[in-house]
Amino acid sequence: MKSLSPVLALIAPVYAGLRFPCSTLTIQRLDPVVEPGSIPAAHVHHIVGGNAFNATMEGDVGARATCTTCQMADDFSNYWTAHLYFKDPTNGTYHRVPVIPVQPLLGGSQGAQGGLTVYYTQFDLSRDNIKKQPVKSFQPVRFRMTVGSPAATSEPRIGLRYQCINDNNRGAEMSDFPPKTCNGGIFTTHHFPACWDGKNLDSPDHQSHMFNTVNSDGFPNAPACPASHPVRMPQVTYETVWDTSKFNALWPAGTPNPYVWSFEGTSGYGTHADYMFGWKGDSLQRAMDKSECFYDGCGALNKQAMSVANKCTIPETIHEETEGWLSVLPGGAKHEHSKQ
Ligand SMILES: *[C@@H]1O[C@H](CO)[C@@H](O)[C@H](O)[C@H]1NC(C)=O
Ligand SMILES: *[C@@H]1O[C@H](CO)[C@@H](O)[C@H](O)[C@H]1NC(C)=O
């Protein structure tokens with residue numbers, strides 16, 4: 001990849017946190033944060049991370065898991081989002097949109113299969129700022145949170161975004177699905193809030209124990225945390241690429257966006273993501289205490305080859321067809337939702 005070297009040279013001085021690929025672990029109707037114990041949960045999720053993932057996750061996930069689909073070998077956390085589907089505008093049937101690895105300029109996907117890229121940033125993409133603003137790892141046991149909501153009917157907050165990939169260019173960040181075909185797929189980003197109330201490992205809405213201080217797109221500086229949520233945690237971000245290219249020919253020009261989230265969300269506003277902490281011991285804290293360590297395990301973490309990560313699997317719990325062509329989404333009733 002000779003052509004990449006000038007780009008890498010430009011990016012080299014960037015040092016501010018962790019960034020690593022995780023392959024797809026499973027695609028099932030399970031959601032231990034929002035619907036613990038529900039077998040099945042309401043809608044299909046795309047899930048990556050450790051093999052302790054199941055419908056009920058209590059106790060020390062990092063101690064219980066024995067493998068992970070993530071590159072950081074001590075990261076047994078689970079990361080998930082709703083799954084994207086294509087709804088054929090002609091006959092109304094659904095097909096799951098394949099997930100492909102993010103192909104970042106820095107480091108590539110390193111052999112990941114599907115999956116998503118995870119970031120834990122300390123301040124922004126170019127500075128860690130940890131002397132002024134130390135970062136506390138999530139509590140080692142039971143910490144969880146969500147961002148966004150399938151029920152959202154207005155524009156989501158900054159940080160929940162779509163980009164239309166054309167000819168390897170991601171284009172502008174948008175708050176809703178792209179209005180026309182993207183030859184390289186749809187890129188989605190989920191930025192979680194980074195300020196914690198210092199007390200609760202979860203909250204009834206899975207969000208109010210956290211607070212977002214970021215008010216512009218991308219990876220901007222994270223302003224100081226407020227008194228209500230005084231503890232600075234790592235800023236967690238997921239990036240996912242949905243390979244919509246094979247559906248382009250089935251989307252007649254000028255007709256509305258045919259992509260829906262797995263809860264039949266025809267509006268892009270319902271995009272959401274879930275996080276379940278599962279780093280082993282103090283491994284994440286060790287990484288967050290290191291300055292200038294972008295994308296290398298921060299000199300404190302063990303990495304594994306993605307060929308090893310790809311061998312980590314969990315059993316299928318919900319035995320149902322999720323891929324397509326399906327007349328009804330898994331868990332869904334056949335009905336039309338009006339665009340929000
Ligand atoms: C999830 O895993 C835990 C730990 O192995 C186990 O105790 C629990 O019964 C499992 N839950 C389900 C719903 O399978
Ligand atoms: C709907 O359209 C898709 C795409 O052309 C096709 O593969 C599928 O078989 C069709 N399903 C039905 C029920 O007609």
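Calculation criteria
Residues numbered from 1 in each chain as written. Chains lettered and ligands numbered in written order. Predicted model: local features only at pLDDT ≥ 70, side-chain atom pairs only at ≥ 80, totals over all residues. Buried ≥ 20, exposed ≤ 12 C-beta atoms within 10 Å, placed from the backbone. Helix = DSSP H or I, 4+ residues; strand = E, 2+ residues; numbered from the N terminus. Pairing = 2+ DSSP bridges. pLDDT = per-residue confidence, 0-100. Contact = placed C-beta atoms within 7 Å. Near = placed C-beta within 6 Å. Nonpolar A, V, L, I, M, F, W, Y, C, P; charged D, E, K, R; others polar. Axes fitted to C-alpha atoms, helices over the stretch in contact; angles between N-to-C directions.

Here the focus is the pairing of strand β4 (residues 78-82). Within β4, five of the five residues are buried, which leaves it mostly tucked inside the rest of the structure. By the bridge criterion, five bridges tie strand β3 (residues 45-49) to β4 in an arrangement that is antiparallel. Bridge assignment links V48 to a residue of β4, and that residue is Y79. In this structure, β4 lies alongside strand β17 (residues 272-276), joined through four bridges in antiparallel fashion. Bridge pairing links Y79 to Y275 in β17.

What follows covers the sheet that holds strand β13 (residues 210-211). Read across the sheet, three strands follow the order β13-β12-β14 without closing on themselves; strand pairing throughout is antiparallel. Each of the sheet's edge strands pairs with one partner strand only, and the pair in question is β13 and β14 (231-232). Pairing geometry for strand β12 (residues 195-196) and β14, over two bridges, is antiparallel. Within the sheet, the bridge partner assigned to C195 lies in β14 and is R232.

If pLDDT is low for a region, its predicted coordinates should not be looked at in detail. In this model, the protein carries a mean pLDDT of 88, and residues with pLDDT of at least 70 account for 90%. Note that pLDDT drops below 50 for residues 1-13; the model gives that stretch five contacts with residues more than four away or on any other chain. Note on residues 334-340: pLDDT under 50 across the span, and nine contacts to partners over four residues away in sequence or across chains.

This part is about the site of ligand 2. Every residue close to ligand 2 is listed here: D88, N91, T93, L250 and W325. Broken down by class, the residue content of the shell around ligand 2 amounts to two nonpolar, two polar and one charged.

The subject of this paragraph is the environment of Q133. Relative to the helices and strands, Q133 is located in the loop between β8 (116-121) and β9 (144-148). Owing to 15 C-beta atoms within 10 Å, Q133 belongs among the partly exposed residues under this scheme. Spatially, the C-alpha atom of Q133 lies 8.2 Å from that of F123, the residues being 10 residues apart in sequence. Leaving out residues up to four positions away in the same chain, Q133 has contacts with F123, A224 and R232.

As a structural note, the neighbourhood of ligand 1 is formed by N54, A55, T56 and R64. Classifying every residue of the shell around ligand 1 by side-chain character gives one nonpolar, two polar and one charged.

Strand order in the open sheet formed by five strands is β2-β3-β4-β17-β9, and the pairing between neighbours is antiparallel. A strand with exactly one partner marks an edge of an open sheet, and here the two such strands are β2 (24-28) and β9. The average angle at which neighbouring strand axes cross in this sheet is 15°, direction not considered. Here β2 runs beside β3; their pairing, made up of four bridges, is antiparallel. Directly across from T26, in β3, lies its bridge partner I47.

Turning our eyes to something else, we now look at unusual backbone geometry. Each neighbour pair has its own omega, and for I39 with P40 the value is 5°, a cis peptide bond. Structurally, the position occupied by P40 is in the loop between β2 and β3. With an omega of 0°, the peptide bond between G324 and W325 qualifies as cis. Relative to the assigned elements, W325 resides in strand β18 (residues 324-326). With a phi close to 60°, Q110 is a non-glycine residue in the positive phi region. The partly exposed category is assigned to Q110, around which 16 C-beta atoms lie within 10 Å.

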